[in-house]
Amino acid sequence: MKIMSSYKKTYLFLITFVSAMGGLLFGYDWVVIGGAKIFYEPFFSIEDSAALRGWAMSSALAGCLAGALWAGVWSDRYGRKKMLLIASALFTVSAYGTGITDNFTWFIIYRIIGGFGIGFASNISPIYIAEVAPASVRGRFVSLNQLTIVLGILSAQLVNWRIGEYFMTDNDVLSTDGIEWAWRWMFWAELVPAGLFFILSFVIPESPRWLAINKKKENARKIFARIGGDAYAETELAEIENFNVMQEKPADTGKGHVKPGKNDRKALLNPKIRNVLIIGIVLAVFQQWCGINIIFNYAHEIFSAAGYTVSDVLMNIVVTGITNVIFTFVAIFTVDRWGRKALMYVGSAGLAIIYTIMGSCYYLQVSGWPMLLLVVLAIACYAMSLAPVVWVVLAEIFPAKIRGAAMAVSTFSLWTACFILTCTFPILNEHLKASGTFWVYGGICIAGFLFIRRRLTETKGKSLEEIEKELIK
């Protein structure tokens, strides 16, 4: 185990926190639209068009998918730092532009730009953190990215709540000023973290592992030394160099191995890479299809079905956001102790049980606090397991030379699964009711549990090079 001084830990925390600000903006930008919709829909006169309302809510996904697909390939070619800088610029432009426009078409364009930022940040932030953090604390530091995501979600919920309250009349009716300005200020509030992220992105170093792989050994040495001291730097560089030599041997460039410099998508078709890629794709899809994001995206429908009024729903949403943050801290302090696989077991099995009970309660028409308790338990279970740990595993399991490209495919799969989940919930809810819908999600969680048990390798405490040796044989 490589031990760092207090100073080194402080430096490591600072650079990982800056990178993880991409997660904070990812969370904020993803959720802010939900609170703003009751104000911008009458402003743009789209209340009577389900298609336009749906397009406004989901347009950022178009940017997410494209951003996630290209960010990894570009980060393998140009570096992680440049992609973080681009993501911060996209968030800043989107936040300002969405709030300033009076034209619905431009509103959509700025939302798509923000979606590009989400796609970039969700891909690059965990990779960067995994590549700078020592193996003994890597899970904890990558989980910081999930912590900032849930803090971004909670921030958006609180901002929406306070701004919405300010612009509502005493009878909970939208004011004229609210329709004109409330939604603008909800988006403009994002300028504060987005601007800070943009400035600080110039300060953080490039990923030392990316530098080492791209033959910039001295630059990598300086950054490793800054993180953990000279001895730590020499150990890391020696491990990376030895592994690269093994990969570059003529005997290792035949079928089943990645040739040096193969940073394009063709390398992903390599049979042995494909097996690991399948694991990444399935875990990414499972993180969405386990169903928890439905509670965030359709909170009004879920709590209304449980008998809550509109004002109670707004308060319950804040409660779920606070729960999300608290139990993300649980993940941070357990992921390097319990291991990735154990926490994934907890998440998949726990959600399967909770959803079974929740579906039964809906079927029996149980309402009030028992339903809120079950929702809180589901979010707590997800926040301490599948939410952060999937990102940790994705950042760890892929070979260094195509890590960005492979992560891009997994992230693209994640956002595609999110789109499908979001679109199918109203259909499932209409035909199966809330009870049947949550039973379906419970069945998916059981399938996820079995896949994790069969295919996932424990990566706790291992260097990225050691993980690659185990998975790519």
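Conventions and cut-offs
Residues numbered from 1 in each chain as written. Predicted model: local features only at pLDDT ≥ 70, side-chain atom pairs only at ≥ 80, totals over all residues. Heavy atoms only, no water. Helix = DSSP H or I, 4+ residues; strand = E, 2+ residues; numbered from the N terminus. Buried < 20%, exposed > 50% of the residue type's maximum accessible area, 1.4 Å probe, protein only. Contact = heavy atoms within 4.5 Å. Areas by Shrake-Rupley, 256 points an atom, 1.4 Å probe, with all protein chains shown as cover. Salt bridge = Lys/Arg side-chain N within 4 Å of Asp/Glu carboxyl O. Phe/Tyr/Trp six-rings, centres within 6.5 Å; stacked < 30°, edge-to-face > 60°. Axes fitted to C-alpha atoms, helices over the stretch in contact; angles between N-to-C directions. Parallel < 35°, antiparallel > 145°, perpendicular 65-115°, else oblique. Nonpolar A, V, L, I, M, F, W, Y, C, P; charged D, E, K, R; others polar. Expected span 1.5 Å × (residues − 1). Bend = angle between axes of the 7 residues up to and from the residue. Left-handed = near helix turned anticlockwise from the far one by under 90°. Patch = residues over 30% accessible without salt bridge, like charges linked within 9 Å, V, L, I, M, F, W, Y side chains within 5 Å. Polar contact = N/O pair within 3.5 Å; in protein donor to acceptor, adjacent residues only side chain to side chain. Core = buried A, V, L, I, M, F, W, Y, C linked by side-chain atoms within 4.5 Å. pLDDT = per-residue confidence, 0-100.

Turning next to the overall build of the protein. From N to C terminus, the protein includes 19 helices and 0 strands. For the protein, the proportion of its 473 residues judged to be buried stands at 57%. Look at the contacts in the protein between residues 6 or more apart in sequence, and 81% of them connect residues 24 or more apart. For the protein, the accessible area works out to roughly 19200 Å², and carbon and sulfur atoms hold 65% of it.

On to the pattern of salt bridges, then. Counting across every chain of the model gives 16 salt bridges. Residue Asp102 pairs with Arg184 through a salt bridge whose shortest N-O separation is 2.4 Å. Here Asp102 is found in the loop between α3 (80-100) and α4 (104-132), whereas its partner Arg184 is found in helix α6 (residues 176-188), with 82 residues between them in sequence. On the accessibility criterion, Asp102 (55% relative accessible area) is exposed. Of the residues examined, Arg184 reaches a relative accessible area of 2% and is grouped as buried. Each of the salt bridges in this network shares a partner with another, and the network as a whole consists of Asp76, Arg80, Glu131 and Arg403.

So, about the packing of aromatic side chains. All told, the structure shown has 25 aromatic pairs when counted by the stated rule. Aromatic side chains Phe43 and Trp183 sit 5.3 Å apart centroid to centroid with 50° between the ring planes, which places their arrangement in the tilted category. Taken together, the residues span a long stretch of sequence, with Phe43 in helix α1 (residues 6-43) and Trp183 in helix α6 at a distance of 140 residues. On the basis of relative accessibility, which here comes to 0%, the residue Trp183 falls in the buried class. Centre to centre, the rings of Trp106 and Tyr110 are 5.7 Å apart; their planes meet at 40°, and the pair counts as tilted.

Contact geometry for helix α2 (residues 50-78) and α3: axes closest at 7 Å, N-to-C directions at 135°. As summarised for this structure, α2 and α3 are arranged oblique, according to the angle between their axes. Contacts from Ala71, Trp74, Ser75, Asp76 and Tyr78 in α2 reach Arg80, Lys82 and Met83 in α3. Among the residues making up the contact of α2 with α3, the classes are represented as 4 nonpolar, 1 polar and 3 charged.

Turning our attention to helix α18 (residues 403-455). End to end, α18 covers just 19 Å across 53 residues, shorter than the expected 78 Å (1.5 Å per residue, more than 12% under). A maximum bend of about 115° is found in α18 at Lys433.

The backbone of Ser45 sits at a positive phi, close to 55°, despite the residue not being glycine. Residue placement: Ser45 occurs in the loop between α1 and α2. The backbone phi angle of Lys215 is positive, close to 65°, even though this residue is not glycine. Along the chain, the position of Lys215 falls in the loop between α8 (208-213) and α9 (217-228).

With 13 residues, α6 extends 19 Å from end C-alpha to end C-alpha; this agrees with the ideal 18 Å at 1.5 Å per step. The largest bend along α6 measures about 30° and falls at Ala182. Listing the buried residues of α6 in full gives Gly178, Ala182, Trp183, Arg184, Met186, Phe187 and Trp188.

Bringing the packing of helix α15 (residues 340-363) against helix α17 (residues 386-397) into the picture now. Here α15 crosses α17 at 140°, and the two axes come no closer than 9 Å. Taken together, the axes of α15 and α17 lie oblique to each other. Along this stretch, α15 crosses α17, giving a crossing that reads as left-handed. Contact with α15, carried on its side by Arg340, Leu343, Met344, Gly347, Ser348 and Leu351, involves Leu386, Val389, Val390, Val392, Val393 and Glu396 of α17 and no other residues of that element. Among the residues forming the contact of α15 with α17, the class breakdown is 8 nonpolar, 2 polar and 2 charged.

Another aspect to go through is a nonpolar patch on the surface. Taken together, the side chains of Phe198, Ile199, Phe202 and Val203 present a nonpolar region at the surface, about 420 Å² in accessible area. On the secondary structure map, Ile199 appears in helix α7 (residues 191-201). On the basis of relative accessible area, Ile199 is assigned to the exposed category, the value being 55%.

For the rest of this paragraph, the subject is the side chain of Ser413. You can see Ser413 is positioned in helix α18. Contacts of Ser413, omitting those with residues within four sequence positions, involve Ile281 and Val285.

Mapped onto the fold, Thr235 is located in helix α10 (residues 230-248). You can call Thr235 partly exposed: its relative accessible area is 42%. Sequence spacing of Thr235 and Phe224 is 11 residues, and the spatial spacing of their C-alpha atoms is 9.5 Å.

Another aspect to go through is the environment of Thr148. Looking at the secondary structure, you find Thr148 in helix α5 (residues 138-166). Owing to a relative accessible area of 4%, Thr148 belongs among the buried residues under this scheme. Thr148 sits 127 residues away from Met21 along the chain, and the two C-alpha atoms are 6.5 Å apart. When neighbours within four sequence positions are excluded, Thr148 is seen to be in contact with Phe17, Ala20, Gly23 and Leu24. Only 2.7 Å separates the side chain of Thr148 from the backbone oxygen of Asn145, close enough to count as a polar contact.

Moving on, we come to the nonpolar core. The biggest cluster of nonpolar side chains holds 132 residues, and the ones touching the most others in it are Trp30, Tyr40, Phe107, Leu283, Ile292, Leu351 and Trp415. Among the elements that take part in this core, α1 stands out by supplying 16 residues, more than any other.

This prediction gives the protein a mean pLDDT of 85; 87% of its residues lie at or above 70. Segment residues 250-263 is flagged for pLDDT under 50; beyond a separation of four residues in sequence, or across chains, it makes 26 contacts in the model.

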